[in-house]
Amino acid sequence: MIEQKLEPKRVGKGLYTWVDERLKIATLVEYMSHKVVPKHRGSIWYYFGGATLFFFVVQVVTGILLLLYYRPGADSGYESVKFIISEVSFGWLIRAIHSWSANLMILAAFIHMFSVFFTHAYRNPREMTWVSGVLLLGLGLMFGFSGYLLPWNELSFFATRVGTGMAGALPFVGKFLMTVMRGGDDVTGATIGRFFGLHVAILPGLFAVLLSFHLFFIQRQGMSEPLEWEKGAAGPRKYYPFFPNFLMRELLIWLIMLNILAVLAVVFPDGIGVVHWPLGQKADPFAPPPPVIRPEWYFMFAFQALKFMPAHLLSVEGELIGIGVMSLGGLLWMLVPFLARKNMEGQKPILINAFGWVVVIFIITMTIIGYILK
Amino acid sequence: MDNANQDRRGFLNWLIGGGVIAFLGSVLYPVVKYMVPPASGEANVSQVKLPFKLKDLQEDEKHFRIFKFGRTLGIVILTPDNQIRALSAVCTHLDCTVQYRKDLGLIWCACHNGKYDLEGRNISGPPPRPLKQYAVHINKTTGEIIVAEGQG
C-alpha cells in the first residue's frame with residue numbers, strides 16, 4: 001500500500017486530482033493541449049520572444065544575487081561592485097552573466113520586434129500585444145540605462161550625465177524632469193539612490209505587470225499566422241502542437257542559450273568589443289571624461305544622430321529637434337498596427353514595409369558610423 | 001419631475017467627479033513634490049580661491065585643471081601665450097565636463113566632440129552657447145589663484 005503511494009506517477013495523479021477538484025483546471029489543460037504553432041518558412045521567428053523571456057528570467061535571478069552584496073551610494077557603489085568581482089566567490093561570474101544577459105536580452109527583443117514588424121503579426125487582432133511589447137522594450141532600455149550607473153565608475157557617471165542632460169534639454173518640463181531624475185542639480189550619490197530604486201523595484205514591478213498582459217494576450221490569441229495564409233495564396237496549412245513539440249524545441253534553444261551565456265561570461269567576463277563593461281576607475285566628478293565616451297550599443301544610433309545635429313536649426317536648438325523627431329518616430333512605431341490598417345488590405349503592405357526599412361537602415365547606419373567615427 | 005431628476009443626477013455627478021479629482025490631486029501633489037529634491041545646502045559662490053597654486057598649473061603637463069566653483073565646475077587653463085584663463089567647465093550642450101586640448105589649442109568636450117576657443121566661444125560641434133568666462137586674479141607673491149564671477 002505504502003509502496004504504491006510513493007510511485008511518482010500515482011503521486012502526480014493524486015496531486016492533479018486534488019488541485020482539479022478545487023480549481024477545475026481540467027478545462028484549462030484541455031484548452032492548452034489544443035494549442036498549436038503554425039509551421040512555415042518563418043517559424044524560426046517564433047522563438048525570439050521566448051529567448052527574450054529566458055534572458056529576462058536570467059536577469060531576475062542574477063539581479064537578486066547581486067543584490068546580496070551591492071550597496072548603492074557614492075561611497076559604496078563602486079566599492080561593493082569591486083568587492084563582488086574580486087572577493088565574493090563567483091561574484092565575477094554573476095556580474096558577467098548579468099551584463100551579458102542584459103545585452104542579449106535587448107538584442108533578442110530587437111530581433112523579436114523586427115520579425116513581428118516585417119511579418120505584420122501586429123495586425124488585427126494583435127494590436128495590444130504589439131503596444132505592450134513596444135512598452136516592454138522601453139522598460140528594457142530603462143533597465144539598461146539605470147543599471148549602467150550603479151557601478152559608479154567613470155563611464156557610467158558621464159553616460160548618466162549626458163543621458164539625464166538630454167532629458168534636461170526638453171522644453172518646459174526638462175529642468176523638472178532632470179532634477180527629479182538626478183535627485184539634484186548634478187549626478188551625485190542621490191542619483192544612484194534613485195536609479196537603484198528604479199532598477200530593482202519600480203521597473204521590475206511595471207515590467208512584471210506588462211509582461212503578464214503580453215503573455216496573456218499571446219496565450220489567448222495563439223501564434224500569428226503568416227499574412228499569405230490569410231490571403232489564401234499558399235498551399236495546405238501546417239501546424240505543430242505546442243505541447244510537447246514546440247515546447248521541447250524551445251527548451252532546447254533555452255539550454256543552448258544558457259550554454260552560450262556561460263561560455264561568454266567565462267571567456268569574456270568584462271565583455272568584448274562594443275559590449276564592454278570593465279569596472280575601471282571610480283567616478284570622479286572633477287575629472288574630464290575619458291577620451292572615448294560612448295553609450296551602450298543600443299543607444300548608439302540615437303547618440304550618433306544627435307551628434308550630427310547642428311547647434312541651431314531655424315533658431316531652435318538642434319538637440320531638441322533630434323530628440324523630437326526620434327520621439328515622434330518611436331510613437332509612430334508603437335502605433336503601427338493602427339496606422340497600417342488600411343495598408344494591410346492591399347496585396348503587400350508596401351508603405352509600412354518601407355517605413356520599417358527606413359527605421360532599420362537608419363539604426364544600422366547610425367550605429368556603424370557611431371563606432372567608426374571618433 | 002424628470003427634469004428635476006436630471007438636474008439632481010447632474011449635480012451629483014459633478015460633486016462626485018470633482019471629489020475624485022480633488023482627492024487624486026491631494027494624493028499626487030505631495031508625491032510629486034516629494035520627488036523634487038530640496039535645493040542643495042551648498043550656496044552658489046561668486047568667488048573661490050583655487051586649492052592649487054600657479055606653479056602647480058605651470059608644472060601640470062596638461063596645462064589645465066578642473067575646480068569646484070560653488071555648485072558647478074570651472075576649468076583653469078594656462079594658454080600658449082602664458083595667460084591664465086578660467087571658464088565654466090560645464091559644456092553648454094549636455095552638461096559634460098570640458099577639457100583643454102593643448103594639441104588643438106582648444107577647449108574640447110569629449111562627450112560629443114564640441115569645441116570652444118580659448119575665449120569660451122562655441123566654434124564647432126553641438127554646443128549651443130559659449131562657456132561663461134570668469135575673472136582671474138593671481139597673487140604674484142604667493143602664487144594663489146582666485147577666480148571670480150565676471151568677465152576676465
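Residues numbered from 1 in each chain as written. Chains lettered and ligands numbered in written order. Predicted model: local features only at pLDDT ≥ 70, side-chain atom pairs only at ≥ 80, totals over all residues.

Student: Honestly, the overall build of chain A in this entry has me stumped. Any pointers?
Tutor: When helices and strands are tallied, chain A shows 16 helices and 6 strands. Its C-alpha atoms put chain A at 75 × 60 × 35 Å along the principal axes. Looking at chain A as a whole, 31% of its 374 residues qualify as buried. In chain A, of all internal contacts separated by at least 6 residues, the share reaching a separation of at least 24 is 74%. (Helix = DSSP H or I, 4+ residues; strand = E, 2+ residues; numbered from the N terminus. Buried ≥ 20, exposed ≤ 12 C-beta atoms within 10 Å, placed from the backbone. Contact = placed C-beta atoms within 7 Å.)

Student: I'm lost on the overall build of chain B in this one. Help?
Tutor: From N to C terminus, chain B includes 2 helices and 10 strands. Reading the secondary structure of chain B in the N-to-C direction produces α-β-α-β-β-β-β-β-β-β-β-β. In terms of overall size, chain B is more extended than a compact globule, its C-alpha atoms giving a radius of gyration of 27 Å where 152 residues would be expected to give roughly 15 Å. The principal-axis extents of the C-alpha atoms in chain B amount to approximately 95 × 35 × 25 Å. Here chain B, with 152 residues, has 26% of them falling under the buried criterion. Contacts in chain B between residues at least 24 apart in sequence constitute 39% of all its contacts with a sequence separation of at least 6. (Rg over C-alpha atoms; globule rule 2.2 N^0.38 Å.)

Student: When you look at the domain arrangement of chain B in this model, what are you seeing that I'm missing?
Tutor: Interfaces are often sized by the accessible area lost when the parts come together. For chain B, the domain assignment lists domain 1 (1-36) and domain 2 (47-148). Using only C-alpha atoms to locate each centre, domain 1 of chain B and domain 2 of chain B end up separated by 56 Å. (Domains from an automatic or database assignment.)

Student: Is there a simple way to explain the confidence of the model for chain B in this structure?
Tutor: Fine structural detail should not be taken from predicted coordinates in areas where pLDDT scores are low. Of all residues in chain B, 94% attain a pLDDT of 70 or more, and the chain-wide mean is 86. Complex prediction metrics read pTM 0.86 and ipTM 0.70. (pLDDT = per-residue confidence, 0-100.)

Student: Can you help me understand the sheet that holds strand β9 (residues 133-138) of chain B in this one?
Tutor: The strands that make up a sheet pair up through hydrogen bonds in the backbone, lying either parallel or antiparallel. Residue and element names in this part refer to chain B. Overall, antiparallel pairing links the 6 strands, which are arranged β1-β10-β9-β4-β3-β2 in an open sheet. The outermost strands of the open sheet, each flanked by one partner alone, are β1 (47-53) and β2 (64-69). Strand after strand, the sheet turns through a mean of 30 degrees between neighbouring axes, direction not considered. Note: β1 against strand β10 (residues 144-148), 4 bridges, orientation antiparallel. By the bridge assignment for β10, V48 is matched with V147. (Pairing = 2+ DSSP bridges. Axes fitted to C-alpha atoms, helices over the stretch in contact; angles between N-to-C directions.)

Student: Even after reading the chapter, I still don't get the pairing of β2(B), so can you show me in this structure?
Tutor: On a regular strand, one side chain projects to one face of the sheet and the next to the other, so that they alternate. All names here are of chain B. Relative to strand β3 (residues 72-78), β2 is paired through 6 bridges, and the arrangement is antiparallel. Looking at the pairing, R65 lines up with V76 of β3. Between the antiparallel neighbours β2 and β3 lie 2 residues, among them G70 with a positive phi of about 65 degrees.

Student: How should I be thinking about the packing of helix α6 (residues 91-118) of chain A against helix α7 (residues 127-149) of chain A in this particular structure?
Tutor: For any two helices packed against each other, the geometry comes down to the angle between their axes and how far apart the axes lie. Residues and elements named next belong to chain A. With their axes 11 Å apart at the nearest point, α6 and α7 run at an angle of 155 degrees to one another. With respect to α7, the element α6 is oriented roughly antiparallel. Of the two elements, α6 crosses α7, and the hand of that crossing is left-handed. Of the residues in α7, those touching α6 at A102, M105, I106, A109, M113 and V116 are W130, G133, L137, G140, G144 and G147. Residue composition of the contact of α6 with α7, by class: 8 nonpolar, 4 polar and no charged. (Parallel < 35°, antiparallel > 145°, perpendicular 65-115°, else oblique. Left-handed = near helix turned anticlockwise from the far one by under 90°. Nonpolar A, V, L, I, M, F, W, Y, C, P; charged D, E, K, R; others polar.)

Student: Hey, could you run me through the interface of chain A and chain B in this one?
Tutor: In this assembly, 26 residues from chain A lie in contact with 22 residues from chain B. Elements with a minimum of two residues in the side of chain A that touches chain B: α8 (154-168), α9 (174-182) and α14 (318-334) of chain A. When residues of the side of chain A that touches chain B are assigned to their parent elements, the largest contribution, 5 residues, is made by α8(A). Its residues assigned to classes, the side of chain A that touches chain B shows 15 nonpolar, 6 polar and 5 charged.

Student: Is there a simple way to think about the environment of D186(A) in this case?
Tutor: The residue D186(A) is located in the loop between α9 and α10 (189-221) in this model. For the pair D186(A) and P285(A), spaced 99 residues apart in sequence, the C-alpha separation works out to 9.4 Å.

Student: When you look at the sheet that holds strand β5 (residues 99-101) of chain B in this model, what are you seeing that I'm missing?
Tutor: Residues and elements named next belong to chain B. The sheet built from 4 strands is open, its strands ordered β5-β6-β7-β8 with antiparallel pairing. Only two strands of the sheet have a single partner each, and these edge strands are β5 and β8 (122-124). Sheet twist, expressed as the average angle between the axes of neighbouring strands with direction ignored, equals 40 degrees. Strand direction decides the pairing type here: strand β7 (residues 114-116) and β8, joined by 2 bridges, are antiparallel. By the bridge assignment for β8, K115 is matched with S124.

Student: Mind showing me how you'd approach unusual backbone geometry here?
Tutor: Across the chain, the bulk of peptide bonds are trans and the bulk of non-glycine residues have phi less than zero. All names here are of chain A. Note the cis peptide between N124 and P125, where omega equals 15 degrees. In this chain, F243 is followed by P244 through a cis amide linkage whose omega measures -5 degrees. As for its position among the elements, P244 is in helix α12 (residues 242-267). Its identity is not glycine, yet K24 carries a phi of approximately 50 degrees, on the positive side.

Student: Would you explain the nonpolar core in this entry?
Tutor: Grouped burial of nonpolar side chains is what soluble globular proteins tend to show. Core analysis: the biggest nonpolar cluster contains 91 residues, and F55(A), M105(A), I75(B), V76(B), C96(B) and V98(B) have the highest contact counts within it. Setting aside residues up to four positions removed in sequence, V98(B) forms contacts with P288(A), I75(B), A89(B), C91(B), I107(B), W108(B), C109(B) and Y116(B). (Core = buried A, V, L, I, M, F, W, Y, C linked by C-beta atoms within 7 Å.)

Student: Looking at this structure, how should I read the environment of H112(A)?
Tutor: All names here are of chain A. Along the chain, H112 falls in helix α6. In this structure H112 comes out as buried when scored by C-beta crowding, with 22 C-beta atoms within 10 Å. Taking C-alpha positions, H112 is 6.9 Å from W45, a pair spaced 67 residues apart along the chain. With residues near it in sequence (within four places) discarded, H112 still touches F48, G49 and T52.

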